[in-house]
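Given next are the chains, with one letter for each unit.
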Amino acid sequence: MKRMAICGLALVAGVANAGVPFRAEARAETMHANYRVSLIGLPIGVAVADGAVGDSRYKVDLHVRLTGLAAMVSSLRMALASSGAYQGGAISPAGYATVASNSKETRTLRMAMSDGAVRQVESSPAWDDSKNPERVPITEAHKRDIIDPLSAFVMPVPEGASAVGPSACNRRVPVFDGYTRFDVTLTYVGVKEVKTNGYSGPVTICSARYVPIAGHKPSNKATQFMAENKDMNVWLAPVPNLHIVVPYRVSLMTMAGTAVIEASELRFAP
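If you're wondering where the values come from, they're calculated on a predicted model, not measured in any experiment.

Below, the discussion takes up the overall build of the protein chain. Within the protein chain, the regular secondary structure consists of 4 helices and 14 strands. Residues counted as buried form 51% of the 270 residues belonging to the protein chain. Long-range pairs, those at least 24 residues apart, make up 59% of the contacts in the protein chain with a sequence separation of at least 6. Carbon together with sulfur atoms contributes 53% to the accessible area of the protein chain, which is approximately 12600 Å² in total.

Before going further, it helps to examine unusual backbone geometry. For residues that are not glycine, phi is negative in most cases, and the peptide bond is trans in most cases. Cis rather than trans, the peptide bond between Ser124 and Pro125 has omega equal to 0 degrees. Within the secondary structure layout, Pro125 lies in the loop between strand 7 (117–124) and strand 8 (155–156). Here the phi dihedral of Asp145 falls at roughly 55 degrees; this positive angle occurs in a residue that is not glycine. Topologically, Asp145 is positioned in the loop between strand 7 and strand 8.

Attention now moves to the pattern of salt bridges. Applying the stated criterion across every chain yields a total of 7 salt bridges. Here Asp183 makes a salt bridge to Arg172, at a shortest N to O gap of 3.2 Å. Placement of Asp183 in strand 10 (residues 181–196) and of Arg172 in strand 9 (residues 171–176) is noted, with a sequence separation of 11 residues between them. Of the residues examined, Asp183 reaches a relative accessible area of 9% and is grouped as buried. For Asp183, the salt bridge identified is with Arg181, shortest N-O distance 2.7 Å. Overlapping salt bridges, with partners in common, bring together Arg172, Arg181 and Asp183 in one network.

With that settled, consider the nonpolar core. Formed by 69 residues in total, the largest nonpolar core has its most connected members in Tyr35, Val53, Ile244, Tyr248 and Leu266. When residues no more than four places from it in sequence are discounted, the contact partners of Ile244 are Val53, Tyr86, Val154, Met155, Pro156, Ala237, Pro238 and Val239.

Moving on, we get to the confidence of the model for the protein chain. Residue-level pLDDT values for the protein chain average 86, and 88% of them are 70 or greater. Of the regions scoring below 50 in pLDDT, residues 1–26 engages in 89 contacts with residues more than four places distant in sequence or in other chains.

This part is about the pairing of strand 12 (residues 232–238). Strand 12 sits mainly inside the fold: 7 of its 7 residues count as buried. Alternating positions in strand 12 separate into two faces, Met232, Val234, Leu236 and Pro238 on one and Asn233, Trp235 and Ala237 on the other, with burial throughout. Across 4 bridges, the pairing between strand 11 (residues 199–214) and strand 12 is antiparallel. Residue pairing for strand 12: Ile205 is matched across the bridge by Trp235. Between strand 12 and strand 13 (residues 244–254), which pair antiparallel one after the other, the connecting turn spans 5 residues, and Asn241 there sits at a positive phi close to 70 degrees.

With that settled, the discussion passes to the environment of Met111. If you trace the backbone, Met111 turns up in strand 6 (residues 106–114). As for Met111 and Ala97, which are separated by 14 residues in sequence, their C-alpha atoms are 6.3 Å apart.

Let us now look at the packing of aromatic side chains. The relative placement of two aromatic rings is captured by the distance of their centres and the angle of their planes. Applying the stated criterion across every chain yields a total of 3 aromatic pairs. Between Tyr199 and Phe268, the ring centres sit 6.3 Å apart and the planes meet at 90 degrees, which makes this aromatic pair edge-to-face. On the criterion of sequence distance, the pair formed by Tyr199 in strand 11 and Phe268 in strand 14 (residues 257–269) is long-range, its members being 69 residues apart. Taken as a pair, Tyr199 and Phe268 share a single burial class, namely buried. Centre to centre, the rings of Trp235 and Tyr248 are 6.4 Å apart; their planes meet at 5 degrees, and the pair counts as stacked. Here Trp235 is found in strand 12, whereas its partner Tyr248 is found in strand 13, with 13 residues between them in sequence. Accessibility classification places Trp235 together with Tyr248 in one group, the buried group.

Cut-offs applied
- Residues numbered from 1 in each chain as written.
- Predicted model: local features only at pLDDT ≥ 70, side-chain atom pairs only at ≥ 80, totals over all residues.
- Heavy atoms only, no water.
- Helix = DSSP H or I, 4+ residues; strand = E, 2+ residues; numbered from the N terminus.
- Buried < 20%, exposed > 50% of the residue type's maximum accessible area, 1.4 Å probe, protein only.
- Contact = heavy atoms within 4.5 Å.
- Areas by Shrake-Rupley, 256 points an atom, 1.4 Å probe, with all protein chains shown as cover.
- Salt bridge = Lys/Arg side-chain N within 4 Å of Asp/Glu carboxyl O.
- Core = buried A, V, L, I, M, F, W, Y, C linked by side-chain atoms within 4.5 Å.
- pLDDT = per-residue confidence, 0-100.
- Pairing = 2+ DSSP bridges.
- Phe/Tyr/Trp six-rings, centres within 6.5 Å; stacked < 30°, edge-to-face > 60°.

Written out as structure tokens, the structure is:
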């Protein structure tokens, strides 16, 4: 479930609950989304995402928790936060933090970044690569020109291009989560009209692919499955007043069946 959540976050970049205040500035836009998480059609979790993007910075916070029968099997909860600069139509992450807990343990990670490069990573319990000799080594080059998984929630669209259509999709998202380095590639499929609480309008449908690069075990069956997985797509909604798109829906085939993360509420406000 944790790996599915991370992949979902990298694709939708958000499934959570937060509410950290963000200082308003010119052209700032706030976002709030409630997501339902299901597996093979059965509800297994909820997520709420809160964020804000202004002329010079962005911030996204989120929590994820299992519900129903899934909560009886696992008490997994995740909280994530990311912030950084938003200038010239591009994002530059500065900080990323995660807390993942269940009935047995709590794991935390903090990552500091600047100019698209990782400067420092702290995790508890401490991560020991020597205990995982099969993993593809992560080099300093793998920590440059990246974004964290949650920063992928904020997807700028090139200036002069429409926020609905191919320009919203066609991109490669280079992700480093503190442990592994991977790409998510998005390719335009089409446009669809949707309606949910707070939002009614077009979304752009993108097919998605997961490309492992470093930090993973090549022999891991879940990694192999995701790398070969062609049954993944993301729906992106345009943010009013800003040249940005955010996730509305993510669907991906997992080893346990189809998982769907879909907004039951999506609101934007200045």
